[in-house]
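# Notes for the structure review
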Amino acid sequence: QIERSEVYYTLDNTHSFSQAFFANATYSYKGKYVANGTYRYEGSNQMGRSKQARWMSTWNVSGSWNVHEEKWFDKLKPLSHLTLRTSYSLTGTPPAPTFSNPVPQLRSTTPYRRFASVKEPAIEIHKLGNSSLTYEKKNELNFGVDLGLLHDRLNVTFDVYTRNNFDEMGPMITQGVGGEIVRAANVAEMHSNGMELSISSTNIKTKDFSWITNFIYSYTNTKITKLYNQGSVINLVSGNGFALKGYPARSLFSIPFVGISDEGTPLFRNEKGEITSTDINFQERAKTDFLKYEGPTDPVYTGSLGNVFSYKGFHLNVFMTYSFGNVVRLDPKFKAFYNDLSSMTHTFVNRWATSGDEAHTNVPGILSYRQYTSDKNLRIGYNAYNFSDVRVAKGDFIRMKEISLAYDFPKTWFSNTPINNLSVKLQATNLFLLYADKKLNGQDPEFFNVGGVASPMPKQFTLTVKVGL
(Lines give C-alpha, C1' and ligand atoms only; values in the text may rest on other atoms or scores of the structure.)
Protein backbone atom coordinates (compact mmCIF):
# COMPACT_ATOMS: atom_id res chain seq x y z
CA GLN A 1 0.00 0.00 0.00
CA ILE A 2 2.84 2.42 0.75
CA GLU A 3 4.48 1.66 -2.61
CA ARG A 4 1.18 2.48 -4.34
CA SER A 5 0.90 5.75 -2.37
CA GLU A 6 -2.27 4.54 -0.65
CA VAL A 7 -3.26 5.75 2.80
CA TYR A 8 -2.66 2.95 5.30
CA TYR A 9 -4.49 4.64 8.17
CA THR A 10 -5.76 8.06 9.11
CA LEU A 11 -6.15 9.91 12.39
CA ASP A 12 -8.70 12.67 12.71
CA ASN A 13 -9.37 14.90 15.68
CA THR A 14 -12.94 15.68 16.70
CA HIS A 15 -14.01 18.41 19.09
CA SER A 16 -17.15 18.16 21.17
CA PHE A 17 -18.33 19.50 24.49
CA SER A 18 -21.32 18.34 26.48
CA GLN A 19 -22.79 18.83 29.94
CA ALA A 20 -25.47 16.91 31.81
CA PHE A 21 -27.22 17.30 35.13
CA PHE A 22 -29.09 14.42 36.72
CA ALA A 23 -31.53 14.00 39.60
CA ASN A 24 -33.47 11.02 40.91
CA ALA A 25 -36.04 10.57 43.68
CA THR A 26 -37.69 7.42 44.97
CA TYR A 27 -40.48 7.01 47.52
CA SER A 28 -41.71 3.73 48.99
CA TYR A 29 -44.57 3.23 51.44
CA LYS A 30 -44.38 0.01 53.47
CA GLY A 31 -42.94 -1.78 50.47
CA LYS A 32 -46.38 -1.74 48.84
CA TYR A 33 -46.34 1.41 46.74
CA VAL A 34 -43.20 2.65 45.03
CA ALA A 35 -42.87 5.88 43.05
CA ASN A 36 -39.79 6.93 41.13
CA GLY A 37 -38.88 10.08 39.23
CA THR A 38 -35.84 10.87 37.10
CA TYR A 39 -34.86 14.18 35.52
CA ARG A 40 -31.92 14.91 33.22
CA TYR A 41 -30.87 18.18 31.63
CA GLU A 42 -28.15 17.95 29.01
CA GLY A 43 -26.61 19.97 26.23
CA SER A 44 -24.04 19.52 23.48
CA ASN A 45 -22.28 21.79 21.03
CA GLN A 46 -23.05 19.16 18.38
CA MET A 47 -26.59 20.54 18.33
CA GLY A 48 -27.78 23.84 16.80
CA ARG A 49 -26.82 27.23 18.20
CA SER A 50 -30.28 28.11 19.54
CA LYS A 51 -30.86 27.40 23.23
CA GLN A 52 -34.02 25.38 22.52
CA ALA A 53 -32.06 23.10 20.20
CA ARG A 54 -28.79 22.73 22.09
CA TRP A 55 -30.30 21.91 25.50
CA MET A 56 -32.87 19.24 26.28
CA SER A 57 -34.77 18.07 29.34
CA THR A 58 -35.59 14.36 29.62
CA TRP A 59 -37.54 12.71 32.38
CA ASN A 60 -39.23 9.54 33.54
CA VAL A 61 -41.96 8.95 36.11
CA SER A 62 -42.92 5.45 37.18
CA GLY A 63 -44.90 3.69 39.87
CA SER A 64 -45.51 0.15 41.04
CA TRP A 65 -47.87 -1.66 43.38
CA ASN A 66 -46.55 -4.76 45.10
CA VAL A 67 -49.87 -6.52 45.65
CA HIS A 68 -48.19 -9.43 47.42
CA GLU A 69 -47.38 -7.08 50.30
CA GLU A 70 -51.08 -6.57 51.06
CA LYS A 71 -52.55 -8.47 54.00
CA TRP A 72 -55.34 -9.95 51.89
CA PHE A 73 -52.98 -11.34 49.22
CA ASP A 74 -53.23 -14.88 50.67
CA LYS A 75 -56.77 -15.03 49.30
CA LEU A 76 -55.38 -14.85 45.74
CA LYS A 77 -53.70 -18.26 45.82
CA PRO A 78 -52.18 -19.91 43.81
CA LEU A 79 -50.52 -16.51 43.15
CA SER A 80 -47.19 -16.29 44.96
CA HIS A 81 -46.34 -12.69 43.97
CA LEU A 82 -47.95 -9.91 41.93
CA THR A 83 -46.65 -6.48 40.93
CA LEU A 84 -48.38 -3.90 38.74
CA ARG A 85 -46.19 -1.29 37.00
CA THR A 86 -46.63 1.84 34.88
CA SER A 87 -44.28 4.50 33.53
CA TYR A 88 -44.24 7.51 31.23
CA SER A 89 -41.10 9.12 29.85
CA LEU A 90 -39.51 11.56 27.45
CA THR A 91 -36.11 10.54 26.10
CA GLY A 92 -33.83 11.86 23.39
CA THR A 93 -30.80 10.82 21.37
CA PRO A 94 -28.45 12.92 19.22
CA PRO A 95 -29.04 12.51 15.46
CA ALA A 96 -26.46 10.73 13.36
CA PRO A 97 -23.85 13.24 12.11
CA THR A 98 -24.23 11.88 8.58
CA PHE A 99 -27.72 13.39 8.30
CA SER A 100 -27.07 16.99 9.26
CA ASN A 101 -24.67 19.37 10.96
CA PRO A 102 -25.21 22.42 13.20
CA VAL A 103 -22.65 24.65 11.46
CA PRO A 104 -21.67 24.97 7.79
CA GLN A 105 -18.99 22.58 6.55
CA LEU A 106 -16.39 24.18 4.27
CA ARG A 107 -13.84 22.44 2.09
CA SER A 108 -11.18 23.44 -0.38
CA THR A 109 -11.74 23.15 -4.09
CA THR A 110 -10.26 24.20 -7.41
CA PRO A 111 -12.80 26.01 -9.63
CA TYR A 112 -12.82 25.19 -13.30
CA ARG A 113 -10.66 27.41 -15.45
CA ARG A 114 -10.04 27.00 -19.13
CA PHE A 115 -6.28 27.27 -18.76
CA ALA A 116 -4.14 25.70 -16.03
CA SER A 117 -2.08 28.89 -15.71
CA VAL A 118 -5.07 30.80 -14.28
CA LYS A 119 -6.32 28.13 -11.85
CA GLU A 120 -6.56 29.12 -8.20
CA PRO A 121 -7.72 27.45 -4.97
CA ALA A 122 -11.04 28.34 -3.39
CA ILE A 123 -13.29 27.43 -0.48
CA GLU A 124 -16.81 26.12 -1.06
CA ILE A 125 -19.74 25.24 1.18
CA HIS A 126 -19.86 21.46 1.42
CA LYS A 127 -22.95 21.31 3.69
CA LEU A 128 -25.19 24.06 4.95
CA GLY A 129 -25.46 24.53 8.69
CA ASN A 130 -28.63 23.73 10.60
CA SER A 131 -28.93 26.14 13.53
CA SER A 132 -32.08 24.34 14.75
CA LEU A 133 -30.57 20.84 14.78
CA THR A 134 -31.73 19.15 17.99
CA TYR A 135 -32.22 15.78 19.64
CA GLU A 136 -34.51 13.08 18.25
CA LYS A 137 -37.19 12.57 20.91
CA LYS A 138 -39.55 9.86 22.07
CA ASN A 139 -42.52 9.70 24.45
CA GLU A 140 -43.31 6.25 25.83
CA LEU A 141 -46.19 4.98 27.97
CA ASN A 142 -45.80 1.53 29.48
CA PHE A 143 -47.98 -0.79 31.55
CA GLY A 144 -46.65 -4.02 32.99
CA VAL A 145 -47.38 -6.87 35.35
CA ASP A 146 -45.11 -9.39 37.09
CA LEU A 147 -46.68 -12.45 38.68
CA GLY A 148 -45.71 -15.82 40.06
CA LEU A 149 -47.75 -18.97 40.55
CA LEU A 150 -47.32 -22.12 42.64
CA HIS A 151 -44.52 -20.77 44.84
CA ASP A 152 -42.85 -19.15 41.81
CA ARG A 153 -42.66 -22.39 39.85
CA LEU A 154 -44.28 -20.36 37.06
CA ASN A 155 -43.25 -16.72 36.52
CA VAL A 156 -44.85 -14.36 34.00
CA THR A 157 -43.81 -10.86 32.93
CA PHE A 158 -46.05 -8.91 30.55
CA ASP A 159 -45.60 -5.38 29.18
CA VAL A 160 -47.63 -3.32 26.73
CA TYR A 161 -46.37 0.03 25.43
CA THR A 162 -47.04 2.85 23.01
CA ARG A 163 -44.39 5.22 21.64
CA ASN A 164 -44.45 8.50 19.76
CA ASN A 165 -41.20 9.49 18.08
CA PHE A 166 -40.89 13.10 16.98
CA ASP A 167 -38.17 15.50 15.87
CA GLU A 168 -36.71 12.58 13.93
CA MET A 169 -34.30 13.35 11.11
CA GLY A 170 -35.83 13.44 7.64
CA PRO A 171 -35.65 15.35 4.33
CA MET A 172 -37.30 18.79 4.20
CA ILE A 173 -38.15 20.92 1.15
CA THR A 174 -36.79 24.49 1.36
CA GLN A 175 -36.76 27.54 -0.91
CA GLY A 176 -33.24 26.66 -1.97
CA VAL A 177 -31.48 29.49 -0.13
CA GLY A 178 -27.84 28.46 0.20
CA GLY A 179 -27.91 26.14 -2.79
CA GLU A 180 -29.81 23.13 -1.35
CA ILE A 181 -33.52 22.49 -1.94
CA VAL A 182 -33.81 19.25 0.05
CA ARG A 183 -32.14 19.36 3.45
CA ALA A 184 -32.09 17.10 6.50
CA ALA A 185 -33.95 18.43 9.55
CA ASN A 186 -35.94 17.32 12.62
CA VAL A 187 -39.22 16.98 10.76
CA ALA A 188 -40.21 13.28 10.88
CA GLU A 189 -42.59 11.50 13.25
CA MET A 190 -43.45 7.85 13.87
CA HIS A 191 -45.90 5.99 16.10
CA SER A 192 -45.30 2.49 17.41
CA ASN A 193 -46.89 0.12 19.86
CA GLY A 194 -46.32 -3.41 21.00
CA MET A 195 -46.21 -5.96 23.77
CA GLU A 196 -43.68 -8.30 25.35
CA LEU A 197 -44.40 -11.56 27.17
CA SER A 198 -41.92 -13.67 29.10
CA ILE A 199 -42.78 -16.99 30.77
CA SER A 200 -40.41 -19.06 32.86
CA SER A 201 -41.50 -22.35 34.39
CA THR A 202 -39.85 -25.08 36.43
CA ASN A 203 -41.68 -28.12 35.08
CA ILE A 204 -39.87 -30.79 37.09
CA LYS A 205 -37.63 -30.34 40.11
CA THR A 206 -36.17 -33.32 41.98
CA LYS A 207 -32.91 -34.03 43.74
CA ASP A 208 -31.10 -35.16 40.61
CA PHE A 209 -33.27 -33.95 37.73
CA SER A 210 -34.80 -30.63 36.66
CA TRP A 211 -36.56 -29.30 33.57
CA ILE A 212 -36.84 -25.54 33.04
CA THR A 213 -38.66 -23.85 30.15
CA ASN A 214 -38.31 -20.21 29.04
CA PHE A 215 -40.61 -18.65 26.47
CA ILE A 216 -40.41 -15.09 25.04
CA TYR A 217 -42.93 -13.41 22.73
CA SER A 218 -42.69 -9.89 21.32
CA TYR A 219 -45.01 -7.90 19.06
CA THR A 220 -44.03 -4.59 17.43
CA ASN A 221 -46.05 -2.38 15.09
CA THR A 222 -44.70 0.85 13.57
CA LYS A 223 -46.22 3.51 11.35
CA ILE A 224 -44.56 6.63 9.96
CA THR A 225 -46.98 9.50 10.52
CA LYS A 226 -44.95 12.44 9.20
CA LEU A 227 -42.20 12.33 6.61
CA TYR A 228 -41.45 13.77 3.19
CA ASN A 229 -39.52 11.03 1.47
CA GLN A 230 -40.20 10.75 -2.24
CA GLY A 231 -38.09 7.73 -3.09
CA SER A 232 -37.56 6.36 -6.57
CA VAL A 233 -38.88 2.99 -7.75
CA ILE A 234 -35.55 1.29 -7.09
CA ASN A 235 -35.53 2.66 -3.53
CA LEU A 236 -38.99 1.27 -2.79
CA VAL A 237 -38.41 -2.20 -4.23
CA SER A 238 -34.96 -2.82 -2.70
CA GLY A 239 -34.91 -5.67 -0.22
CA ASN A 240 -33.78 -3.67 2.82
CA GLY A 241 -37.05 -1.70 2.85
CA PHE A 242 -37.92 1.98 2.54
CA ALA A 243 -39.35 4.60 4.92
CA LEU A 244 -42.61 5.97 3.49
CA LYS A 245 -45.34 7.97 5.20
CA GLY A 246 -48.33 5.87 6.22
CA TYR A 247 -46.36 2.60 6.23
CA PRO A 248 -44.07 0.72 8.66
CA ALA A 249 -40.54 1.99 9.21
CA ARG A 250 -39.04 -0.33 6.58
CA SER A 251 -41.59 -1.27 3.95
CA LEU A 252 -41.13 -3.33 0.81
CA PHE A 253 -42.86 -2.66 -2.51
CA SER A 254 -42.80 -4.61 -5.77
CA ILE A 255 -43.28 -4.05 -9.49
CA PRO A 256 -46.60 -5.69 -10.47
CA PHE A 257 -45.93 -8.88 -12.45
CA VAL A 258 -48.51 -9.69 -15.14
CA GLY A 259 -47.20 -12.89 -16.68
CA ILE A 260 -44.89 -14.41 -19.28
CA SER A 261 -45.11 -13.54 -22.98
CA ASP A 262 -45.27 -16.18 -25.72
CA GLU A 263 -41.54 -15.55 -26.25
CA GLY A 264 -40.67 -16.26 -22.60
CA THR A 265 -40.02 -12.67 -21.49
CA PRO A 266 -41.56 -11.27 -18.28
CA LEU A 267 -44.42 -8.76 -18.48
CA PHE A 268 -45.18 -5.97 -16.00
CA ARG A 269 -47.54 -3.08 -15.46
CA ASN A 270 -45.55 0.18 -15.40
CA GLU A 271 -46.32 3.64 -13.99
CA LYS A 272 -48.30 4.49 -17.18
CA GLY A 273 -50.61 1.51 -16.72
CA GLU A 274 -49.10 -0.21 -19.76
CA ILE A 275 -48.15 -3.89 -20.04
CA THR A 276 -44.49 -4.03 -21.03
CA SER A 277 -41.29 -6.05 -20.86
CA THR A 278 -38.86 -3.18 -21.31
CA ASP A 279 -40.41 0.18 -20.37
CA ILE A 280 -39.76 0.18 -16.61
CA ASN A 281 -38.28 3.40 -15.18
CA PHE A 282 -36.40 2.51 -11.99
CA GLN A 283 -35.62 6.20 -11.38
CA GLU A 284 -39.29 7.29 -11.49
CA ARG A 285 -40.20 9.39 -8.41
CA ALA A 286 -43.44 11.18 -9.21
CA LYS A 287 -45.54 8.08 -9.93
CA THR A 288 -44.84 5.21 -7.58
CA ASP A 289 -48.39 4.34 -6.53
CA PHE A 290 -48.51 1.59 -9.18
CA LEU A 291 -46.16 -0.48 -7.01
CA LYS A 292 -47.60 -3.27 -4.87
CA TYR A 293 -47.11 -3.04 -1.10
CA GLU A 294 -45.74 -6.33 0.21
CA GLY A 295 -45.28 -5.67 3.93
CA PRO A 296 -42.57 -4.72 6.43
CA THR A 297 -39.06 -6.15 6.16
CA ASP A 298 -38.74 -6.04 9.96
CA PRO A 299 -40.45 -8.93 11.79
CA VAL A 300 -43.68 -8.11 13.63
CA TYR A 301 -43.59 -11.15 15.94
CA THR A 302 -40.33 -12.42 17.42
CA GLY A 303 -39.31 -14.59 20.33
CA SER A 304 -37.68 -17.76 21.53
CA LEU A 305 -38.34 -21.05 23.29
CA GLY A 306 -35.68 -22.71 25.41
CA ASN A 307 -35.59 -25.89 27.47
CA VAL A 308 -32.84 -26.83 29.91
CA PHE A 309 -32.66 -30.40 31.18
CA SER A 310 -30.30 -31.15 34.06
CA TYR A 311 -29.42 -34.56 35.47
CA LYS A 312 -26.77 -34.57 38.16
CA GLY A 313 -23.78 -32.94 36.44
CA PHE A 314 -25.22 -33.02 32.90
CA HIS A 315 -26.99 -30.00 31.37
CA LEU A 316 -28.75 -30.18 28.00
CA ASN A 317 -29.93 -26.88 26.47
CA VAL A 318 -32.27 -26.84 23.45
CA PHE A 319 -32.93 -23.28 22.27
CA MET A 320 -35.13 -22.18 19.35
CA THR A 321 -35.93 -18.74 17.94
CA TYR A 322 -38.84 -17.68 15.77
CA SER A 323 -39.90 -14.70 13.70
CA PHE A 324 -43.12 -13.91 11.79
CA GLY A 325 -44.88 -11.08 9.99
CA ASN A 326 -42.23 -9.77 7.58
CA VAL A 327 -41.36 -10.30 3.93
CA VAL A 328 -38.07 -11.09 2.21
CA ARG A 329 -36.88 -10.10 -1.26
CA LEU A 330 -35.48 -13.19 -2.98
CA ASP A 331 -31.92 -12.98 -4.25
CA PRO A 332 -31.65 -11.32 -7.70
CA LYS A 333 -30.66 -14.34 -9.80
CA PHE A 334 -32.29 -13.46 -13.13
CA LYS A 335 -30.49 -11.69 -15.96
CA ALA A 336 -30.93 -11.24 -19.70
CA PHE A 337 -27.49 -12.77 -20.29
CA TYR A 338 -25.72 -15.67 -18.55
CA ASN A 339 -22.28 -17.16 -18.82
CA ASP A 340 -20.41 -20.15 -17.42
CA LEU A 341 -19.83 -18.32 -14.14
CA SER A 342 -23.54 -17.67 -13.50
CA SER A 343 -25.20 -19.39 -10.55
CA MET A 344 -28.43 -21.09 -11.63
CA THR A 345 -30.82 -21.83 -8.78
CA HIS A 346 -33.42 -24.59 -8.64
CA THR A 347 -36.07 -22.09 -9.79
CA PHE A 348 -34.69 -22.28 -13.34
CA VAL A 349 -36.02 -25.84 -13.61
CA ASN A 350 -39.52 -24.36 -13.92
CA ARG A 351 -38.57 -21.68 -16.48
CA TRP A 352 -40.36 -21.02 -19.77
CA ALA A 353 -38.85 -23.22 -22.47
CA THR A 354 -41.29 -23.32 -25.37
CA SER A 355 -44.41 -21.53 -26.58
CA GLY A 356 -47.37 -22.46 -24.39
CA ASP A 357 -45.36 -22.76 -21.17
CA GLU A 358 -46.52 -19.25 -20.22
CA ALA A 359 -49.86 -20.81 -19.22
CA HIS A 360 -48.38 -22.73 -16.29
CA THR A 361 -45.18 -20.96 -15.18
CA ASN A 362 -44.18 -17.51 -13.96
CA VAL A 363 -40.43 -18.03 -14.46
CA PRO A 364 -39.07 -16.33 -17.61
CA GLY A 365 -37.00 -18.23 -20.13
CA ILE A 366 -33.36 -17.81 -21.07
CA LEU A 367 -32.98 -15.38 -23.98
CA SER A 368 -31.35 -16.51 -27.17
CA TYR A 369 -28.39 -14.55 -28.49
CA ARG A 370 -30.62 -13.15 -31.25
CA GLN A 371 -33.22 -11.90 -28.75
CA TYR A 372 -30.56 -10.34 -26.54
CA THR A 373 -28.79 -8.47 -29.33
CA SER A 374 -31.96 -7.31 -31.09
CA ASP A 375 -33.42 -5.61 -28.01
CA LYS A 376 -30.93 -4.61 -25.34
CA ASN A 377 -33.78 -3.11 -23.26
CA LEU A 378 -34.84 -6.65 -22.33
CA ARG A 379 -32.16 -6.52 -19.62
CA ILE A 380 -34.40 -3.92 -17.91
CA GLY A 381 -37.29 -6.37 -17.92
CA TYR A 382 -35.24 -9.20 -16.44
CA ASN A 383 -33.93 -6.88 -13.75
CA ALA A 384 -37.51 -5.79 -13.05
CA TYR A 385 -38.44 -9.47 -12.61
CA ASN A 386 -35.99 -9.63 -9.68
CA PHE A 387 -37.96 -6.81 -8.03
CA SER A 388 -41.45 -8.05 -8.93
CA ASP A 389 -44.11 -9.41 -6.57
CA VAL A 390 -43.37 -13.03 -7.58
CA ARG A 391 -39.86 -12.62 -6.14
CA VAL A 392 -41.07 -12.00 -2.60
CA ALA A 393 -41.39 -14.62 0.13
CA LYS A 394 -42.57 -14.63 3.70
CA GLY A 395 -39.80 -14.10 6.24
CA ASP A 396 -41.47 -16.40 8.77
CA PHE A 397 -39.18 -19.01 10.30
CA ILE A 398 -38.51 -21.22 13.31
CA ARG A 399 -34.80 -21.88 13.79
CA MET A 400 -32.97 -24.40 15.94
CA LYS A 401 -30.59 -21.78 17.27
CA GLU A 402 -28.56 -23.77 19.75
CA ILE A 403 -28.10 -27.25 21.19
CA SER A 404 -25.49 -27.65 23.88
CA LEU A 405 -24.46 -30.36 26.30
CA ALA A 406 -22.37 -29.53 29.36
CA TYR A 407 -20.98 -31.61 32.19
CA ASP A 408 -19.79 -30.38 35.59
CA PHE A 409 -17.26 -32.78 37.07
CA PRO A 410 -17.84 -33.62 40.76
CA LYS A 411 -15.82 -31.36 43.02
CA THR A 412 -14.85 -34.36 45.15
CA TRP A 413 -12.59 -35.49 42.32
CA PHE A 414 -10.35 -32.48 42.94
CA SER A 415 -10.37 -32.30 46.73
CA ASN A 416 -6.59 -32.79 46.93
CA THR A 417 -5.73 -30.65 43.91
CA PRO A 418 -5.54 -26.89 43.25
CA ILE A 419 -8.55 -27.23 40.93
CA ASN A 420 -11.81 -25.93 42.39
CA ASN A 421 -14.12 -26.85 39.52
CA LEU A 422 -13.95 -28.32 36.02
CA SER A 423 -16.59 -28.36 33.30
CA VAL A 424 -16.75 -29.17 29.61
CA LYS A 425 -19.34 -27.98 27.08
CA LEU A 426 -20.07 -28.89 23.46
CA GLN A 427 -22.19 -26.27 21.70
CA ALA A 428 -23.74 -26.17 18.22
CA THR A 429 -25.41 -22.99 16.89
CA ASN A 430 -27.43 -22.10 13.78
CA LEU A 431 -28.04 -25.77 13.05
CA PHE A 432 -31.10 -25.75 10.80
CA LEU A 433 -34.53 -24.27 10.12
CA LEU A 434 -37.53 -26.13 11.48
CA TYR A 435 -39.89 -24.02 9.37
CA ALA A 436 -39.53 -21.48 6.55
CA ASP A 437 -41.42 -20.44 3.44
CA LYS A 438 -40.88 -23.01 0.68
CA LYS A 439 -40.59 -20.12 -1.76
CA LEU A 440 -37.19 -19.28 -0.23
CA ASN A 441 -35.68 -22.40 -1.86
CA GLY A 442 -32.92 -22.60 0.74
CA GLN A 443 -32.30 -18.84 1.07
CA ASP A 444 -31.78 -17.85 4.70
CA PRO A 445 -34.72 -15.64 5.80
CA GLU A 446 -32.45 -13.75 8.24
CA PHE A 447 -29.89 -12.90 5.58
CA PHE A 448 -30.10 -10.06 3.08
CA ASN A 449 -27.61 -10.31 0.22
CA VAL A 450 -25.79 -6.98 -0.05
CA GLY A 451 -23.16 -8.29 -2.45
CA GLY A 452 -19.41 -8.44 -2.01
CA VAL A 453 -18.29 -11.07 0.47
CA ALA A 454 -21.59 -11.21 2.36
CA SER A 455 -22.58 -14.70 3.48
CA PRO A 456 -25.39 -16.23 5.55
CA MET A 457 -24.88 -17.18 9.17
CA PRO A 458 -22.71 -20.32 9.28
CA LYS A 459 -23.16 -23.34 11.48
CA GLN A 460 -20.78 -23.27 14.42
CA PHE A 461 -19.51 -26.04 16.70
CA THR A 462 -17.65 -25.04 19.84
CA LEU A 463 -15.93 -27.11 22.52
CA THR A 464 -15.30 -25.25 25.79
CA VAL A 465 -13.35 -26.38 28.81
CA LYS A 466 -13.51 -24.31 32.02
CA VAL A 467 -11.06 -24.79 34.85
CA GLY A 468 -11.35 -22.94 38.15
CA LEU A 469 -8.28 -22.62 40.37
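This write-up is about the structure you can find in this document.

Conventions used here
Residues numbered from 1 in each chain as written. Predicted model: local features only at pLDDT ≥ 70, side-chain atom pairs only at ≥ 80, totals over all residues. Heavy atoms only, no water. Pairing = 2+ DSSP bridges. Helix = DSSP H or I, 4+ residues; strand = E, 2+ residues; numbered from the N terminus. Contact = heavy atoms within 4.5 Å. Axes fitted to C-alpha atoms, helices over the stretch in contact; angles between N-to-C directions. Buried < 20%, exposed > 50% of the residue type's maximum accessible area, 1.4 Å probe, protein only. Phe/Tyr/Trp six-rings, centres within 6.5 Å; stacked < 30°, edge-to-face > 60°. Polar contact = N/O pair within 3.5 Å; in protein donor to acceptor, adjacent residues only side chain to side chain. Core = buried A, V, L, I, M, F, W, Y, C linked by side-chain atoms within 4.5 Å.

## Quick word on the sheet that holds strand 13 (residues 266-269)
Taken in spatial order, the three strands make up an open sheet running 12-13-14, and their pairing is antiparallel. If you trace the sheet from one side to the other, it starts and ends with strand 12 (257-260) and strand 14 (275-276), each paired once. Taken together, the two bridges between strand 13 and strand 14 define a ladder with antiparallel strand orientation. Across the sheet, arginine 269 pairs through a bridge with isoleucine 275, a residue of strand 14. Packing of helix 4 (residues 378-386) onto the sheet brings it into contact with strand 12 and strand 13, and relative to strand 13 it is tilted by some 75°.

## A few points about unusual backbone geometry
For the bond running from lysine 77 to proline 78, omega is 15°, close enough to zero to count as cis. By the element assignment, proline 78 lies in the loop between strand 3 (55-66) and strand 4 (79-93). Even without being glycine, leucine 150 reaches a positive phi, approximately 55°. Relative to the elements of secondary structure, leucine 150 occurs in the loop between strand 7 (136-149) and strand 8 (154-173). Non-glycine residue aspartate 152 carries a positive phi angle of around 65°. Looking at where aspartate 152 falls in the secondary structure, it is placed in the loop between strand 7 and strand 8.

## Structural notes on the pairing of strand 11 (residues 251-254)
On a regular strand, one side chain projects to one face of the sheet and the next to the other, so that they alternate. Residues Ser251 and Phe253 line one face of strand 11 and the alternating positions Leu252 and Ser254 line the opposite face, and both faces are buried. With four bridges connecting them, strand 11 and strand 15 (residues 292-296) associate as antiparallel partners. Bridging from a neighbouring strand, serine 251 pairs with proline 296 of strand 15.

## A word on the packing of aromatic side chains
Two measures describe an aromatic ring pair: the distance that separates the ring centres and the angle between the ring planes. Tallied over the full model, the rule gives 24 aromatic pairs. Between tyrosine 247 and tyrosine 293 the ring centres are 4.9 Å apart and the planes differ by 50°, which places this aromatic pair in the tilted class. Remark: tyrosine 293 occurs in strand 15 and tyrosine 247 occurs in the loop between helix 2 (233-237) and strand 11; sequence separation between them is 46 residues. Overall, tyrosine 293 belongs to the partly exposed group, its relative accessible area being 32%. Considering the side-chain rings of phenylalanine 409 and tryptophan 413, the 5.8 Å spacing of their centres and the 50° angle between planes classify their relative orientation as tilted.

## Description of the side chain of aspartate 159
Along the chain, the position of aspartate 159 falls in strand 8. With a relative accessible area of 13%, aspartate 159 lands in the buried category. One polar contact links aspartate 159 to arginine 85, side chain to side chain, over a distance of 3.0 Å. Setting aside residues up to four positions removed in sequence, aspartate 159 forms contacts with Arg85, Asn142, Phe143, Gly144, Gly194, Met195 and Glu196.

## Let's talk about the nonpolar core
With 23 residues, the main nonpolar core has Val233, Ile255, Phe268, Phe282, Leu291 and Tyr385 as its most contacted residues. Looking at this core, the elements with two or more residues in it are helix 2, strand 12 and helix 4. In terms of residues, this core owes the most to one element, helix 2, which gives three residues. Beyond its immediate chain neighbours, meaning those up to four positions away, valine 233 contacts Ile255, Asn281, Phe282, Glu284, Thr288, Phe290 and Leu291. Val67, Phe73, Leu147 and Val156 belong to the second-largest nonpolar core, a separate cluster that totals seven residues.

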